[in-house]
Amino acid sequence: MASGRALRHPQAVTVSSDISDISNISNMPNGASRRSAAPVALRMLGLALAAAFAFPGAYLIYRNFAAGADPAALLVSGRTAGPLWRSLQLAVAVSVASLLLGTGLAWLTSRTDLPLLRLWRILMPLPLVFPTFVGAAAFIRTLNPGGLLNDLLAGVGVERTPELRGFSGAWLVLTLMTYPYVYLPVAARLRQLPGALEESARVLGDTAVKVFGRICLPQTASAMGAGTLLVFLYTLSDFGAVQLMRYDTLTRAIATNQLADPPVALALGLILLVLAAAVVAGERGFSRRLPDAAAGHSRQPVIYRLGRWRAAATGFVVLTAAAAVGAPLVALGDWAARGLARSATGGRALTVDFSKVYEATVNTVGVSVAAALVSTAAVLPIALLVGRYRSRAGSFSHALVISTFALPGILIALSIRFWTLRSDLAFELFNDTMALLIFAYMVRFGSLAMGVTLVAVRGVPRRLHDSAQILGAGRLRRFAAVDLPMMAPGLLAGAGLVLLSVMKELPISLFVSPLGFSTLATRIFSSFEDAFIAEAGIMAVVLVALSFVLTWFLVIRRDHLL
């Protein structure tokens, strides 16, 4: 009867452990847990999905041969060495900073008595709602000489603030915009950890720091690695921030040569893809050495008192929220307010067509939700192959999916356009359709859902499957009754990451959208291009508000209920 209750209410299972589990977790190799052969249908589905994700890379390889590009020669040339080195410098610096910042914030908001916890849990993921080109423009408007901060500091005798450009500017913007990729999975994992291990260690006299190092760190290492990998790949593929900060990276070189020298642009794109594949392979080798995470879901995680560090921790969180959320919002609000004020006092009239803004808002919500659901569903079979069956086909598919995240959106958009225009069947079936746009979003952002989904799959206790199988439940019934309820928080978090990223995606929305279909991101970009800064500020505020509402209902509110 106990097994039957576990099948019907898998989240009600209580995880009990003693202190001996600590050594078991620390010493058990990743491959030592039981593994079973993956179903043939699941392996075939995973490989088929991997082939879809690999399409942009296949296009790059084909076009490099067809266009006569020479990536090997370009790799050792001076025109490539500089952007490649700068890309690596920036990616490493942003990844390390995001790992430290995201993990620290996750610990403070999940495991301590920090004041106003609910507020910080709402604010910490919000930097994801800002497109990088909007965030960079907002930081330039706020922090650079002549900006809002300069005006504020002038009242206390500081006449000029340092200019935010180059490496330092790109590093600051990308760190503040991407740390939620680490924060979200680490915070989710910290709230799921069984509290018995930590309580036992505290009873034996371990300090909070020792408990974190011996128990929490090994259990959250996979989530930290997955999030940091996404930050690294995102930094490699970013164009908006590095463009505005005047920092020459591979993506900027690709954009510069896209029309002037297409073979060079294609060769640079292939170099970027190979670099991403090497990074993913390295991460996979590192993750195999990590101990398996203890399965379970803690309804009451252990809470640590900050004591004398309470004021410092609160100041750290407030400063992060002010820089990552407050500064961009202030800049956007300033743009919008100045435009409205000029229009009201007889200055240049605003050119915002609110009916088109409403249409773009509806389009943004619809396509983002659809892409989030499709992307999460697409990576779930691969996550099952990797996390549950440890299948080689799953590992190969996982590497392909993650590698595509380093490809700039413009290359994915152009590859899909090339396919539809050169193939008669594809042109008839997919040209100027929403299906093609959602597919492009899935390829671009499916990797965002992969890390969180994989953590969710690994968090399902094996014994629940054993109990369900003993009771006669088939694979589909076990999946519906055991897996989905326990994986739901992780799946929703992954879908939320995709949704927020799709809402601010620009190149794919510009090149792959059906005729007459516009999103808020494309309208904001067009307003910036036409120097309609006030209009761009108004629409950016709408995008941020919309993103916050969706994040609240799909990620934050759901997370608080669990």
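Residues numbered from 1 in each chain as written. Predicted model: local features only at pLDDT ≥ 70, side-chain atom pairs only at ≥ 80, totals over all residues. Heavy atoms only, no water.

Asker: Describe helix α10 (residues 166–178), naming the residues involved and giving the relevant values.
Answerer: Spanning 13 residues, α10 covers 18 Å between terminal C-alpha atoms, matching the ideal 18 Å at 1.5 Å per step. Taken as a whole, α10 has its buried residues at Gly166, Gly169, Ala170, Val173, Leu174, Thr175, Leu176, Met177 and Thr178. (Helix = DSSP H or I, 4+ residues; strand = E, 2+ residues; numbered from the N terminus. Expected span 1.5 Å × (residues − 1). Buried < 20%, exposed > 50% of the residue type's maximum accessible area, 1.4 Å probe, protein only.)

Asker: Can you break down a nonpolar patch on the surface residue by residue, with the values?
Answerer: Taken together, the side chains of Val92, Val96 and Leu100 make up a nonpolar region of the molecular surface, amounting to roughly 280 Å² of accessible area. Relative to the helices and strands, leucine 100 is located in helix α6 (residues 78–111). (Patch = residues over 30% accessible without salt bridge, like charges linked within 9 Å, V, L, I, M, F, W, Y side chains within 5 Å. Areas by Shrake-Rupley, 256 points an atom, 1.4 Å probe, with all protein chains shown as cover. Salt bridge = Lys/Arg side-chain N within 4 Å of Asp/Glu carboxyl O.)

Asker: Just give me the short version of the nonpolar core, but keep the residues and values in it.
Answerer: Ranked by internal contacts, the top residues of the largest apolar core, which has 153 residues, are Met124 and Leu233. Among the elements that line this core, the one with the most residues is helix α22 (residues 434–458), at 16 residues. (Core = buried A, V, L, I, M, F, W, Y, C linked by side-chain atoms within 4.5 Å.)

Asker: Could you give an account of the confidence of the model for the protein chain, naming the residues involved and the relevant values?
Answerer: Residues at a pLDDT of 70 or more form 71% of the protein chain, whose mean pLDDT is 76. Between the elements of the protein chain, mean pLDDT differs from a low of 34, seen in helix α2 (residues 20–27), to a high of 91, seen in α10. Considering only residues more than four positions removed or in separate chains, one finds that residues 1–34, a stretch of pLDDT under 50, has 55 contacts. (pLDDT = per-residue confidence, 0-100. Contact = heavy atoms within 4.5 Å.)

Asker: Break down the packing of helix α19 (residues 392–403) against α22 for me, with residues and values.
Answerer: Contact geometry for α19 and α22: axes closest at 8 Å, N-to-C directions at 135°. By the angle class used here, α19 and α22 are oblique. Here α19 and α22 pass one another in a crossing that is left-handed. Contacts between α19 and α22 involve His398, Val401 and Ile402 on the former and, on the latter, Gly446, Ser447, Met450 and Leu454. Here the residues of the contact of α19 with α22 are counted per class, giving four nonpolar, three polar and no charged. (Axes fitted to C-alpha atoms, helices over the stretch in contact; angles between N-to-C directions. Parallel < 35°, antiparallel > 145°, perpendicular 65-115°, else oblique. Left-handed = near helix turned anticlockwise from the far one by under 90°. Nonpolar A, V, L, I, M, F, W, Y, C, P; charged D, E, K, R; others polar.)

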